[in-house]
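Structure at a glance
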Amino acid sequence: MAERRIGPFLIEKQLGAGGMGIVYLATYEPAGKKVALKVLTPALSSDAKLLKRFEREIDILKKMSHPNIVKYYGGGTKDGQRYYAMEFVDGGSLQDVLKKRGRLNVEQTIQVGRQLCAALEHAHNAGIIHRDLKPANLFISRKGRLKLGDFGIARDTEATALTAAGKTVGTYAYMAPEQIHGNAPISRKTDLYATGCLLYEILTGETPFLADNPAEMLIQHLNDDPHNVREFNKDCPIWLDELIDRMLSKNPDERPYDALAVHTELSEMLRKLTHSEAVASTMPRSFMASDMQDNIDTVIVGQSTIAAATESATDKPRKKKKKKRDQSPFYERTWFLLTCLGLLIGGAVWFSLPPGEETLYELCRQTWQSNETMVRRDGRQNHMLSYLERFPEGTHASEIQQWANEIAADTYEQKRNPQKEHDFEIAYWEAREKEDEITDSKKGNLLEPLLMYHAVVKATENNSDAIIVNIAANRRVAQLREQLLDSPDRTATIRQYLLHAELMQKEGNPSAAAFIWFHFREVFYGVREVEEFYLYARDRSHGKTSEVPNPPAPPSNLKDIPLSSGNDPEESSGNQDIR
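Basis of the calculations
- Residues numbered from 1 in each chain as written.
- Predicted model: local features only at pLDDT ≥ 70, side-chain atom pairs only at ≥ 80, totals over all residues.
- Heavy atoms only, no water.
- Helix = DSSP H or I, 4+ residues; strand = E, 2+ residues; numbered from the N terminus.
- Buried < 20%, exposed > 50% of the residue type's maximum accessible area, 1.4 Å probe, protein only.
- Contact = heavy atoms within 4.5 Å.
- Areas by Shrake-Rupley, 256 points an atom, 1.4 Å probe, with all protein chains shown as cover.
- Expected span 1.5 Å × (residues − 1).
- Arc of directions from axis to C-beta.
- pLDDT = per-residue confidence, 0-100.
- Salt bridge = Lys/Arg side-chain N within 4 Å of Asp/Glu carboxyl O.
- Pairing = 2+ DSSP bridges.

**Looking at the overall build of the chain**
In terms of regular secondary structure, the chain is built from 22 helices and ten strands. Residues counted as buried form 48% of the 579 residues belonging to the chain. Of all intrachain contacts in the chain linking residues separated by at least 6 positions in sequence, the fraction that spans at least 24 positions is 67%. Accessible surface computed for the chain: about 28,900 Å², of which carbon and sulfur atoms make up 50%.

Now the structure itself:
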């Protein structure tokens, strides 16, 4: 049989296939390294939407580097086939382990949960929501390390949404209620719900809900409560049962805050188990132990105690699935549930269709009017960017674009350690640092960061790639200007800084002085209460001799009314450099 190659990779065998291509075991010949090679066939490559999804999956993998996430190595195109290489995890998947064992013990389950939450914390911090957690997507190395893979339907919250609003994705047995609805915000807590389903399955051998068809499964996720884990696994501690119950809450707000919070709780549970002599004497060593030295094959077949426990768990008769409610009103009776099932099937078909322009606009409007940061951020991703992609010339496109930009600016302003790739970003965050320094120490002059922000505004006003920074800087200019004009010390504050400019002029730094004069006249053009200072700054920026005014302090109850928000009509020199 002739050898098959794709680029520098020698194909050995197929590992799997799906809607987004085929995955092969391959060897990177220059280094002799085994890799998993994902290939988008030429037929699929001709589909612009699928190609865009494939490229987005690559972009998502590039953002992440974590020991519990499958590594991305690189990609390319050969003979019309788009491909990329990733780490080959040689121990199979968690699904394989569960098929052989049925379920795991408590310590092993906690170790799985901790490693998965570590991976999710890294992904969520990169703005990535996985949305398709299940045992088949959790791979295990031969040394026992769990690795999260298959980001094929993951959502990048910093990029344009490719899944239309209202379209449900994910695997039914692990799908959060907000995913089923399709039009609710998808967040990191969506992954926590799926993680709860996974832990439930690992401990009991079955997913929280069982059904004969997808529609019934969706109904259960939306309306039913699963049995407690302890009903099927008496070894499960009450605190682990309660954590899983919180993760399976229908309301995302009732779930743990994030993956780090779950990781912390699981770590505390592991500490309790480790220090409990009773538990230690009955529990075999975890295949997910922290030193990760055991061979996974040995663990799968070599622990008779686990095999016996699995057999006894398999042989034990299961209770019939039922709801927790004791009453049986009409809406729990068979005829009513069957009617609802029919409606849900029809609704599922309806929800699978993307909403029309006006429906999507209404979702965008509701997002814009919300006061919740997460709702606005997810609504921008799920609704606004979807509208702009589908209706770029739509009736509401300009309005929604403005909303999307404003929400993006909110996110930008709240960043803690932002990347600074451009000069205007560096200048913006230097102004923020200066403002914070003055605010915290209550020493300095707020005119300094105010004029620094205005310099960013001028430098970005005609740059379409800098619109988010421009909006953020404009906000800071408006806020600091209002704060200064409302201050009873505004006259002294302004005069002090303009005297500072005169000092720099005399000390041989005319460019710094000119920076202050130019941006002061731009910011305060048309403001009646500081007109004398404006006229002085205008004269000095034109090279005229003038003295810094010394007007009396304003009355404490005087309220500024700007005459105009436009630029100085005498200004004709264009944008000024950021200094």
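From this point, the narrative continues.
**A word on helix H14 (residues 357-369)**
Here H14 spans 18 Å end to end across 13 residues, near enough to the 18 Å set by a 1.5 Å rise per residue. Among all positions of H14, only Leu360, Tyr361, Leu363, Cys364 and Thr367 are buried. Within H14, the buried residues cover an arc of 160° as seen down the axis, which keeps them to one side.

**Quick look at the confidence of the model for the chain**
Averaged over all residues, the pLDDT of the chain is 79; the fraction at 70 or higher stands at 77%. Ignoring residues within four places in sequence, the model shows residues 158-170, a span with pLDDT below 50, making 48 contacts including any to other chains. Below pLDDT 50 for its whole length, residues 557-566 participates in 18 contacts with residues either more than four positions away or in separate chains.

**Details of the pattern of salt bridges**
With the rule as written, the count across this model stands at 22 salt bridges. A salt bridge links Glu12 to Lys34, with the nearest nitrogen and oxygen atoms 2.2 Å apart. In this pair, Glu12 sits in strand S2 (residues 9-18) while Lys34 sits in strand S4 (residues 33-40), placing the two residues 22 residues apart along the sequence. Ionic pairing is found between Arg475 and Asp410, a salt bridge with its closest N-O pair at 2.5 Å. Here the residue Arg475 occupies a position in helix H19 (residues 467-486), and Asp410 occupies one in helix H16 (residues 397-413), the gap between them amounting to 65 residues. The class of Arg475 is partly exposed, set by a relative accessible area of 23%. Accessibility expressed as a relative area gives 21% for Asp410, which makes it partly exposed. Counted as one network, the salt bridges with shared partners bring together Arg376, Glu406, Asp410, Glu413 and Arg475.

**As for the pairing of strand S6 (residues 81-87)**
Within S6, seven of the seven residues are buried, which leaves the element mostly enclosed by the surrounding structure. The sheet contact formed by S4 and S6 spans six bridges and is antiparallel. The partner of Val35 across the bridge, within S6, is Glu87. As judged from the six bridges shared by strand S5 (residues 72-78) and S6, these two strands associate in the antiparallel manner. Within the sheet, the bridge partner assigned to Gly74 lies in S6 and is Ala85. Hairpin geometry of S5 and S6 is characterised by an intervening segment of two residues between the two adjacent antiparallel strands and by a positive phi of about 50° at Asp79.

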